[in-house]
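# Structural characterization, general
The lines below spell out each chain.
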Amino acid sequence: GAVVSQHPSRVICKSGTSVKIECRSLDFQATTMFWYRQFPKKSLMLMATSNEGSKATYEQGVEKDKFLINHASLTLSTLTVTSAHPEDSSFYICSAYTPGSTEAFFGQGTRLTVV
Amino acid sequence: AQSVTQLGSHVSVSEGALVLLRCNYSSSVPPYLFWYVQYPNQGLQLLLKYTSAATLVKGINGFEAEFKKSETSFHLTKPSAHMSDAAEYFCAVSDGVGGNKLTFGTGTQLKVEL
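First, a word on what this report is: a plain description of the structure on this page. (Residues numbered from 1 in each chain as written. Chains lettered and ligands numbered in written order. Predicted model: local features only at pLDDT ≥ 70, side-chain atom pairs only at ≥ 80, totals over all residues. Heavy atoms only, no water.)

### As for the environment of Ile 60 of chain B
All names here are of chain B. Convention followed: What counts as a helix is a DSSP run of H or I of at least four residues, what counts as a strand is a run of E of at least two, and both are numbered from the N terminus. The contact criterion used is simple: two residues touch if any of their non-hydrogen atoms lie within 4.5 Å.
Within the secondary structure layout, Ile 60 lies in the loop between strand 7 (56-58) and strand 8 (64-68). Each C-alpha atom, one on Ile 60 and one on Thr 5, is 23 Å from the other, the two residues being 55 residues apart in sequence. Apart from residues lying up to four places away in sequence, Ile 60 is in contact with Gln 45, Leu 46 and Leu 47.

### Let's talk about the packing of aromatic side chains
The condition is simple: Only Phe, Tyr and Trp rings take part, Trp by its six-membered ring, and two of them pair if their centres are within 6.5 Å. Stacked means planes under 30 degrees apart, edge-to-face means over 60, and tilted covers everything else. Relative accessible area decides the class of each residue, using a 1.4 Å probe on protein chains only: under 20% of the type maximum gives buried, over 50% gives exposed, and in between gives partly exposed.
One pass over the full model with this rule turns up 13 aromatic pairs over all chains. Aromatic pair Phe 106 of chain A and Phe 104 of chain B: ring centres 6.2 Å apart, planes at 70°, arrangement edge-to-face. Here Phe 104 of chain B lies in strand 11 (residues 103-104) and Phe 106 of chain A lies in strand 10 (residues 105-106), a pairing that spans two chains. With respect to burial, Phe 106 of chain A and Phe 104 of chain B carry one shared label: buried. Aromatic pair Phe 34 of chain B and Tyr 36 of chain B: ring centres 6.1 Å apart, planes at 20°, arrangement stacked. This pair shows no difference in class: Phe 34 of chain B is buried, exactly as Tyr 36 of chain B is.

### Quick word on the interface of chain A and chain B
To keep it simple, the criterion reads: Buried surface area refers to the total accessible area, computed with a probe of radius 1.4 Å, that the two partners give up upon joining, counted for both partners together. One speaks of a salt bridge when a side-chain nitrogen belonging to Lys or Arg is within 4 Å of a carboxyl oxygen belonging to Asp or Glu. Distance and chemistry together define a polar contact, namely a pair of N or O atoms within 3.5 Å, with one atom able to donate a hydrogen and the other to accept it when in protein, and with adjacent residues in sequence counting only for side-chain atoms on both sides.
Between chain A and chain B, the residue contacts involve 22 residues of the former and 20 residues of the latter. For the chain A and chain B pair, buried surface summed over both sides reaches about 1,600 Å², with 53% attributable to carbon and sulfur atoms. When the area that chain A buries against chain B is broken down by residue, the three leading residues are Thr 102, Glu 103 and Phe 106 of chain A, summing to 32%. Inspection of the region where chain A meets chain B yields 2 salt bridges. Residue Lys 49 of chain B is joined to Glu 103 of chain A by a salt bridge in which the shortest nitrogen-to-oxygen separation is 2.8 Å. Applying the counting rule to chain A against chain B returns 7 residue pairs in polar contact (both at pLDDT 80 or more).

Printed below as a string of structure tokens:
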């Protein structure tokens, strides 16, 4: 089956620094990638949709200058949390979609802790 | 707009008992429906999906779900619970376009007791 690799799985960073999370489709071309955020014991909230080669579309209430998304190739999308603060601590999950598929495939998630 | 309602944030069953996790959806177009399982600090694993073919969908690990349009439901069942089924379960809906952007329910924590 289709494999999506997300890296890193865990990251701890200091308040004020930036951190980059990668989402790679290993065996298929992902024209669209989605980024979700999950708060503790909560559901997944869609943050943004990125299409290869174009700007990401952010959901209402998500700060695009805070959460920078780049989808420069058909196999890689990145989420950069800029000037991270403790309230940005969360579990971030990506999913990748290829045309003709009936589902998007999820990465393993990244646990971000900002101290 | 689409939405998903999962009744019961916590469900507890005995090992060997029937598992029933409820999901109701709202969609203005024929939906695609999904059930995912999540173990602590892990990503989502797809259990099964409905994409407008057979209304009774069989998934992995003995789970199945039935799409009932008249009830706008897609409940997840398993005849006999196993300890390893203890996890968080999410129902999700997609309109099938936009690359399968998903709207998730709030999740149901399944506890399996001896």
